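Descriptive structure summary
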Amino acid sequence: MSVGAPLQAGIGLSDSIARFLAGVGLPDAAAGLLGQALAFLVVFAVVFVVGRSVLLPVATRMMDSRGLETHAQKPLRRLLVVVVGFAAVTAAFGAAGYPNFLQSLATIAAAATLAIGFAMQDVLKNFVAGIFIYTDKPFKIGDWIQWDGNSGVVEDISFRVSRVRTFDNELLTVPNSALTDGVIKNPVAKDKLRLQVPFGIGYDDDTERATEIIVEEAEAHADILEDPAPSVRLTELGDSSVTLTSRIWIEDPSRADFVKTRAEYVQAVKQRFDEEGINIPYPNRTLGGELTVAGLQEVSPADD
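Residues numbered from 1 in each chain as written. Predicted model: local features only at pLDDT ≥ 70, side-chain atom pairs only at ≥ 80, totals over all residues. Heavy atoms only, no water.

As for the UniProt feature "transmembrane region" (unreviewed entry) in the protein chain
According to UniProt, the positions carrying the feature "transmembrane region" (unreviewed entry) are residues 37-58, 79-98 and 104-124. Between the end C-alpha atoms of residues 37-58 the distance is 31 Å, and the span holds 100% helix and 0% strand. (UniProt positions renumbered as here; feature names shortened; annotations may be inferred. Helix = DSSP H or I, 4+ residues; strand = E, 2+ residues; numbered from the N terminus.)

Next up, the structure:
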């Protein structure tokens, strides 16, 4: 079908309406203008309503099948509505008999797009980064993320920025490109988090007994998983202590869970160490040598 065929059909619609209105007594000029206006409104309404009714459910099913979350579907549906609206306006102008207007509009839109593209490079960069966040899913709302020395819980993701609530209750508005250009750490992406907790004991203490205590307290804590099982390794022989590093796992963690679980676990191990006489030494230094003071013969006693 040629490009002129739909336009001819549209012009025929406005002419048909104009002839009908002229037949009921309206002047030809008024009938022509009113016919174009009615043709525009009818075609716009039909295309827009039918487009939304057909395309939105199809798009929603496709996004659901890809597992796209609700917060990510909303802006995509809005974008689809804008596209349907533009198509409806295009068809409506054709129906009203203004094909030349559409060509001029396309030329203006192309020039405007080029100008806007140069003027809004950063905005477009963040917009593209937002699309990558939706498609790649490095994190989602509610995740605890870390990037460039910052950390917090994601509260909102839009096409241009993401909003992250820090653990000091500060709300950070972060450009999406800052979260896609660098390395993002998502400690809770796999619904499990491994904690490494070091314990220092004295060189004269029983490392095997200390290891047993560390494992027992991990197994006794309700929020520490049994599978993977807690483990302990001797990781360092320091200047004043032997370091035993405990590796434990917690399930479906948030930042608050991580801090709370670690604190309770360390406190329980410290209490057991105290009960069984296992020393937790603090760093100390032994200084050796001699001190020589010169010029004492030149110092005279003060007068009474």
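What to know about the packing of aromatic side chains
Evaluation of the coordinates by the stated rule reveals three aromatic pairs. Consider the rings of Phe44 and Phe48, whose centres lie 5.7 Å apart with planes at 5°: the pair is stacked. Linking Phe44 with Phe48, this pair stays in helix α2 (residues 28-65), spanning four residues, or about one helical turn. Judged by its relative accessible area of 28%, Phe44 falls in the partly exposed class. (Phe/Tyr/Trp six-rings, centres within 6.5 Å; stacked < 30°, edge-to-face > 60°. Buried < 20%, exposed > 50% of the residue type's maximum accessible area, 1.4 Å probe, protein only.)

Notes on the sheet that holds strand β2 (residues 150-157)
The pairing of strands in a sheet happens through backbone hydrogen bonds and is either parallel or antiparallel. Sheet architecture is open: four strands sit in the order β1-β2-β3-β4, paired in antiparallel fashion. Edge positions in the sheet fall to β1 (144-147) and β4 (171-175), since each has one partner strand and no second. Each adjacent strand pair in this sheet contributes to an overall mean axis angle of 45°, direction not counted. (Pairing = 2+ DSSP bridges. Axes fitted to C-alpha atoms, helices over the stretch in contact; angles between N-to-C directions.)

Notes on the environment of Val164
Its location among the elements puts Val164 in strand β3 (residues 161-165). As for Val164 and Val174, which are separated by ten residues in sequence, their C-alpha atoms are 7.4 Å apart. Those residues in contact with Val164 that sit more than four places away from it in its chain are Ile145, Trp147, Gly152, Val153, Val154, Glu155, Glu170, Leu171, Leu172 and Val174. (Contact = heavy atoms within 4.5 Å.)

A few points about the nonpolar core
Of all hydrophobic cores here, the largest spans 22 residues; its most connected members are Phe199, Ile201, Ile214, Tyr265 and Phe273. Only β5 (192-201), α7 (207-220), β7 (242-251) and α8 (255-275) provide two or more residues apiece to this core. Contacts of Phe199, omitting those with residues within four sequence positions, involve Ile214, Val242, Thr243, Leu244, Ser246, Tyr265, Val266, Val269 and Phe273. Ile133, Tyr134, Val154 and Leu179 belong to the second largest nonpolar core, which has eleven residues in total. (Core = buried A, V, L, I, M, F, W, Y, C linked by side-chain atoms within 4.5 Å.)

So, a nonpolar patch on the surface
There is a patch of nonpolar side chains on the surface, built from Val42, Val46, Val50, Val54, Leu55, Val58 and Met62 and spanning about 580 Å² of accessible area. Tracing the backbone through its elements, the reader meets Val50 in helix α2. (Patch = residues over 30% accessible without salt bridge, like charges linked within 9 Å, V, L, I, M, F, W, Y side chains within 5 Å. Areas by Shrake-Rupley, 256 points an atom, 1.4 Å probe, with all protein chains shown as cover. Salt bridge = Lys/Arg side-chain N within 4 Å of Asp/Glu carboxyl O.)

What to know about unusual backbone geometry
Following Asp227, the chain continues into Pro228 via a peptide bond in cis, with omega recorded as 5°. With respect to the secondary-structure elements, Pro228 resides in the loop between α7 and β6 (231-237). The backbone of Asp148 sits at a positive phi, close to 45°, despite the residue not being glycine. In this fold, Asp148 is placed in the loop between β1 and β2.

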